[in-house]
Each structure stands twice: as C-alpha cells, then as structure tokens.
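Commentary on secondary and tertiary structure
The residues making up each chain are set out below.
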Amino acid sequence: NTSWLESGSSKKHILLFLHGYPDTPDVWSEQIRHFASQYHVICPYARGTFASEPGDDLSRFSPESLSLDLLEILNIADPKNKKSVTLIGHDLGGAIAWKLASYLGPRLSHLIIINSLSVEQMASRLISRPKQWIRSWYIFPMLVPKMSEKWVGKFSKRLLPFAYQWGGLPKEKFPKLELNSPFPVST
C-alpha cells in the first residue's frame, strides 16, 4: 500500500516529485501550490512512511521495487499511460528517480535531479572515496530493518530539525512539516 499527495488536473502533464530522507512529500508544498494550476502534481510518500506499508521483505526497498511502486501510482493517475512525466527527485528520491527514469521510456519528458546520485554512482563513490562514507552516515542506520520507523517515530520532532541544521539550513528556513497536508492524500 503506497500513499501520495496529489493536486492539479488529472488531464495535464504529470510532475512526479520524489522526496529525500528524512523529508516527506510536504517538503514540496510550495512546488505543489505553484504548479497545480498547470500540471497534475503527484508526490508519493517513500515506502514505510506515513500510510505507505513498510513491509518486512527487504527486497521491497530495492530501487527496482520502489520504481514498480511508482509505476503503479502513475498507472492509477494515468491508466492509459498517455501523459508525459517530468520526474523530480531530491536526495534519496533522486536515486530512485534515476532508476524510475529508465523504466518510463518515451513517457519521460524531463528528469530533474537535486543533490543526488544514481545507485551506481553512489556505489562507485563509496568504493573510490572513503570520505563519502562519513558524508552518507545517515543512510546506513536506515538499512537496518525497522530502524527508520523507530527513529522517526521516537525522534521525529528533533531528528528533522537536526538534519536540516547539520546540513547548514538556517533555522528560519526549516520547512514546516505537517501530517495534515492541505493536499489530497491518495492510497
């Protein structure tokens, strides 16, 4: 079961926004508001967050499986697969966007990656650049089953501000993350 925020006209070109970690689709709220009048905007929750089922099978978290989840969302939004898709991914969402782009074929209109690498690029950097292990510290605990759910559930009010502060974002620019989104949530 996957959940997503959705806004705009279902008859228009699709903008698919993929968030990073530890963000939620709410991080795209300004983009949703801005583009909803011109596009069909879809912002999925990453697997295991919000109402999206985490599951116990680790293979469901592979880039291929996550891409299949996203393809299913696109099939629900556009059953005839006629509309073109602009794919925007940030951080971990960018890594998934790279993989999903390879499955979209001619439906892919644009691929926009913000501060991210493909899985293959990341693996290469981890091997060739040991400092990348330190920069990517936050990813490794999330690979432990149930760890991300426990961390976010217990420390979410402190974890997100810490991540933004550690990343150098001034406190007044921290996104206002709310579980009650003004945008419709689909599951």
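Anything mentioned here points back to the structure above.
Residues numbered from 1 in each chain as written. Predicted model: local features only at pLDDT ≥ 70, side-chain atom pairs only at ≥ 80, totals over all residues. Heavy atoms only, no water.

As a further point, take the overall build of the protein. Of regular secondary structure, the protein possesses 6 helices and 6 strands. For the protein, the N- to C-terminal ordering of α and β elements is β-β-α-β-α-β-α-β-α-α-α-β. The proportion of buried residues among the 187 residues of the protein is 39%. Put simply, 69% of the contacts in the protein that link residues at least 6 apart link residues at least 24 apart. (Helix = DSSP H or I, 4+ residues; strand = E, 2+ residues; numbered from the N terminus. Buried < 20%, exposed > 50% of the residue type's maximum accessible area, 1.4 Å probe, protein only. Contact = heavy atoms within 4.5 Å.)

This part takes up helix α2 (residues 63-77). With 15 residues, α2 should reach 21 Å at 1.5 Å per residue; the first-to-last C-alpha distance of 21 Å fits that figure. Summarising the contacts, the buried residues of α2 are in contact with β1 (4-8), β2 (14-18), β3 (40-44), β4 (85-90), α3 (92-104) and α4 (119-128). (Expected span 1.5 Å × (residues − 1).)

Right, let's get into the nonpolar core. Grouped together as the largest cluster of nonpolar side chains are 18 residues, with contacts concentrated most on L16, L18, I42, L74, L87, L100 and L104. Breaking this core down by element, the ones donating at least two residues are β2, α2, β4 and α3. Tallying contributions element by element places α2 first for this core, with 6 residues. With residues up to four places along the chain from it excluded, the contact list for L16 reads I42, P44, L74, V85, T86, L87, I88 and L100. (Core = buried A, V, L, I, M, F, W, Y, C linked by side-chain atoms within 4.5 Å.)

What follows covers the packing of α2 against α3. Running from N to C, α2 and α3 cross one another at 60 degrees; their axes reach a closest spacing of 9 Å. Viewed along their axes, α2 and α3 adopt a mutual orientation that is oblique. Taken as a pair, α2 and α3 cross one another with a handedness that is right-handed. The segment α2 lies against α3, with P63, E64, L66, S67, L70, L71 and L74 engaging I96, K99, L100, Y103 and L104. The class makeup of the residues in the contact of α2 with α3 is 9 nonpolar, 1 polar and 2 charged. (Axes fitted to C-alpha atoms, helices over the stretch in contact; angles between N-to-C directions. Parallel < 35°, antiparallel > 145°, perpendicular 65-115°, else oblique. Left-handed = near helix turned anticlockwise from the far one by under 90°. Nonpolar A, V, L, I, M, F, W, Y, C, P; charged D, E, K, R; others polar.)

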